[in-house]
Amino acid sequence: MENVLSFLTANKDAIFIIVLSVFLGFEVISNVPSVLHTPLMSGANAISGVIIIGGIILVGHATTTLEWVLGSVALFMATLNVAGGFVVTDRMLEMFKKKKK
Amino acid sequence: MILLNTMMPGQVVLEYSYLLSAIMFVIGLKLESHPETARKGNFWAASGMILPMITTLVLNKNAAGEGIGLVNVIAILLIIGAGTIVGSIMARKVKMTAMPQMVSFFNATGGAASAAVALIEFNKDPNNAVLVTLLGLMVGSVAFSGSMIAYGKLDGKVGDIFSKVMTYVNLLFMAMIVALILLVIFGGFDVQTRTYLVYGLLVLSLVYGVSFVMPIGGADMPVVISLLNSLTGIAAAMAGFIYQNEAMILGGILVGAAGTILTIQMCRAMNRSLINVIVGAFGGGGASNAEVQGSIKEITLSDAAVLLSYSQKVVIIPGYGLAVAQAQHIAHELDSLLGSKGVEVKYAIHPVAGRMPGHMNVLLAEADVPYEQLVEMDDINPDMPNVDVAIVVGANDVVNPAAYDDPGSPIYGMPIIDAHLAKNIIIMKRGMGKGYAGIENFLFFNDKARMLFGDAKSSITKLVNEIKSM
């Protein structure tokens, strides 16, 4: 119980951000026309690559072999997610634009 | 980071760059929700990603106040450079029809990255934010292995395993995962034992991801990808929690919420609950008690050509068969040809046609079909009785009237496109096989329905030639 209380106290800011972000996410996303479902899913997927920041911090301060190896893998994977995700999304949306003409 | 409020100018800039980045994500997603601004939105989101990458690289300091060393900076730039090149090439080369697999694959890499970050953080400090670290490890691993299986399934490399046993196996795995997490946190074990338990959690989570997606049939794949996508977001947010990094927390949770909304919308479109999708393996052939009445009738190419040419209203209902056959371009040729003869042609888009929500829209957009010709299910259905010919191209379950008539059918209650109400129905199909959900389609036995067997692309090509030669 004490663990839980101290956890809730120590992480108050982060918990506030998380709870409010959930509502923000629902508000921002709802009422999307189904035409955009696939590109939006892909775009959101690219944003989930934000773990790349974690990868940068890890490799940035890596000292042990484990940190170097796993950190590099994490950073590479996250970059694939980010770069691939945004490019794929752009490709899909590019077609939507073309057809509007 | 938040705790070190020594007002170092660099730290302040770093913290506020995260806030800026989070705002850019929100603006990006908002713009991506509207067709006209969607591309701009993607650009905002991408910029929101690049900004914190730069500021972190330049300004990040560890607990001891040391910045990132030169060797590490070079290593980071090299890795990011390599990842960007590989990722962009993959994304540029993938065919539009293979888009769902690609998204699933990129989702897997994101999940793996989160799991790896969580694993290292646990190794660094087994007492810091343990619950969040373990959740990040677990969720990231499940998202990774689950997405890889979804990728393999969509790519035809992995088959389905349908078995009721899997439901219980999965429940068992879930219980074991929860038990392991509780053991590590409250078990009071020494660091060595806890480390073993954490590796056990990693393995178990990877296995669970596989066994979770394995029994889920094709009809539910869009739902699963969307769900895994939101899991990856949550995993990233958990990692953000470890670093108290606002950009990561907000970006991750935004994706988690977005994926959840999409998942729920898709479940609604299929009239099923999320629990039902996860627990009940769909597609194993739900026992239907209705007898099929009527017989299958074929139509000749010339008959089809005449029928179409002298119609006023034609609706094309595309499904996954159109994607597999790459028939979107020739379908557009058919609709232009008919259009030039004064026939009004529209496309009826079912929300879950294909393997992803909006899959059909993307394909038809690639073939330059005008936006106005794509009509969503709810808008086209009231008009279906006035339609002279409904052409079903490689779609099956989304036009199956069993959804209305047969309470025993697994798709009973799912909204469908009312092809059966059209005056004539032409069904293009490779053979008499059942749809992806493995259910008999009553539409094929309808008195107004005529079959045109063959690959969608070659069938439409022949049809176009036939109409031209009339």
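This text goes with the structure placed above it.
Residues numbered from 1 in each chain as written. Chains lettered and ligands numbered in written order. Predicted model: local features only at pLDDT ≥ 70, side-chain atom pairs only at ≥ 80, totals over all residues. Heavy atoms only, no water.

Undergrad: How should the overall build of chain A be read in this particular structure?
TA: Scanning chain A from N- to C-terminus turns up five helices and zero strands. When the helices and strands of chain A are placed in sequence order, the string is α-α-α-α-α. Relative to its length of 101 residues, chain A is extended, with a C-alpha radius of gyration of 19 Å against a globular reference of 13 Å. Along the first, second and third principal axes, the C-alpha set of chain A runs to 60 × 35 × 15 Å. Sequence-distant contacts, at least 24 apart, represent 67% of the contacts inside chain A between residues at least 6 apart. Surface accessibility of chain A: about 4100 Å² in total, with carbon and sulfur atoms responsible for 68%. Charge-centre separation for chain A: the mean point of 7 positive side chains lies 23 Å from the mean point of 6 negative side chains. (Helix = DSSP H or I, 4+ residues; strand = E, 2+ residues; numbered from the N terminus. Rg over C-alpha atoms; globule rule 2.2 N^0.38 Å. Contact = heavy atoms within 4.5 Å. Areas by Shrake-Rupley, 256 points an atom, 1.4 Å probe, with all protein chains shown as cover. Lys, Arg positive; Asp, Glu negative; His and termini not counted. Charge placed at Lys NZ, Arg CZ, Asp CG, Glu CD.)

Undergrad: I would appreciate a short explanation of the environment of Ile416(B) in the present structure.
TA: Residue and element names in this part refer to chain B. Topologically, Ile416 is positioned in the loop between helix H16 (402-405) and strand S5 (424-429). Linking Ile416 and Met377, residues 39 residues apart in sequence, is a C-alpha distance of 7.5 Å. Other than its neighbours up to four places away in sequence, Ile416 contacts His350, Met377, Asn381, Asp397, Val398, Val399, Asn400, Pro401, Ala403 and Tyr404.

Undergrad: Please clarify how the interface of chain A and chain B should be interpreted in this entry.
TA: Frequently, the measure chosen for interface size is the accessible area removed from exposure when the parts meet. Taken together, the contact pairs 81 residues of chain A with 106 residues of chain B. At the boundary of chain A with chain B, the tally comes to two salt bridges. For Asp90(A), the salt bridge is made with Arg39(B), and the minimal N-O distance between the two is 2.9 Å. Counting across the chain A and chain B interface gives eleven residue pairs in polar contact (both at pLDDT 80 or more). Going through the elements one at a time, helix H1 (2-10), helix H2 (12-29), helix H3 (37-47), helix H4 (52-60) and helix H5 (65-100) of chain A are the ones with two or more residues in the side of chain A that touches chain B. (Salt bridge = Lys/Arg side-chain N within 4 Å of Asp/Glu carboxyl O. Polar contact = N/O pair within 3.5 Å; in protein donor to acceptor, adjacent residues only side chain to side chain.)

Undergrad: Help me understand the packing of helix H13 (residues 328-340) of chain B against helix H17 (residues 456-468) of chain B in this model?
TA: When two helices pack together, their arrangement is captured by the angle between the axes and the distance separating the axes. All names here are of chain B. With their axes 9 Å apart at the nearest point, H13 and H17 run at an angle of 25 degrees to one another. Classified by the angle between their axes, H13 and H17 sit roughly parallel to one another. Crossing geometry of H13 relative to H17 is assigned as left-handed. Between H13, through Ile330, Ala331, Glu333, Leu334, Leu337 and Leu338, and H17, the contact on the second element is made entirely by Lys457, Ile460, Thr461, Leu463, Val464, Ile467 and Lys468. (Axes fitted to C-alpha atoms, helices over the stretch in contact; angles between N-to-C directions. Parallel < 35°, antiparallel > 145°, perpendicular 65-115°, else oblique. Left-handed = near helix turned anticlockwise from the far one by under 90°.)

Undergrad: I'm lost on the packing of aromatic side chains in this one. Help?
TA: Any aromatic ring pair is given by two values, namely how distant the centres are and how the planes are angled relative to each other. All names here are of chain B. In the structure shown here, the tally under the stated rule is three aromatic pairs over all chains. Consider the rings of Phe105 and Tyr151, whose centres lie 5.6 Å apart with planes at 50 degrees: the pair is tilted. Of this pair, Phe105 sits in helix H4 (residues 99-124) while Tyr151 sits in helix H5 (residues 130-154), and the two are 46 residues apart along the sequence. Phe105 sits in the buried class, given a relative accessible area of 16%. An aromatic cluster of at least three residues, connected via ring pairs, comprises Phe105, Phe106 and Tyr151. (Phe/Tyr/Trp six-rings, centres within 6.5 Å; stacked < 30°, edge-to-face > 60°. Buried < 20%, exposed > 50% of the residue type's maximum accessible area, 1.4 Å probe, protein only.)

Undergrad: Even after reading the chapter, I still don't get the packing of helix H11 (residues 301-309) of chain B against H17(B), so can you show me in this structure?
TA: Residues and elements named next belong to chain B. Interaxial distance between H11 and H17 falls to 9 Å at its minimum, and their mutual angle equals 65 degrees. Considering the angle they form, H11 stands roughly perpendicular to H17. Note on packing geometry: the crossing formed by H11 with H17 is right-handed. Contacts between H11 and H17 involve Leu301, Ser302, Ala304, Ala305, Leu308 and Ser309 from the former and Ser459, Lys462, Leu463, Glu466 and Ile467 from the latter. In the contact of H11 with H17, the residues fall into six nonpolar, three polar and two charged. (Nonpolar A, V, L, I, M, F, W, Y, C, P; charged D, E, K, R; others polar.)

Undergrad: Honestly, the pattern of salt bridges in this entry has me stumped. Any pointers?
TA: Note that side chains of opposite charge can pair when their charged atoms are close. Throughout the structure, instances matching the rule amount to seven salt bridges over all chains. The shortest N-O distance in the salt bridge between Glu121(B) and Lys124(B) comes to 3.7 Å. Pair noted here: Glu121(B) and Lys124(B) are both in helix H4, with a separation of three residues, about one helical turn. The exposure class of Glu121(B) is buried, given its relative accessible area of 10%. Through salt bridges that share partners, Asp90(A), Glu94(A) and Arg39(B) make up one connected network.

Undergrad: Is there a simple way to think about unusual backbone geometry in this case?
TA: If a residue is not glycine, its phi is most likely negative; likewise, a peptide bond is most likely trans. Residue and element names in this part refer to chain B. Despite not being glycine, Gln244 has its phi angle at roughly 50 degrees, a positive value. Mapped onto the elements of the fold, Gln244 is located in the loop between helix H8 (221-243) and helix H9 (246-269). By relative accessible area, which is 19% here, Gln244 ends up buried. Even without being glycine, Gln326 reaches a positive phi, approximately 55 degrees. Counting through the fold element by element, Gln326 comes out in the loop between helix H12 (320-324) and H13. Taking the relative accessible area as the measure of exposure, Gln326 reaches 24% and is therefore partly exposed.

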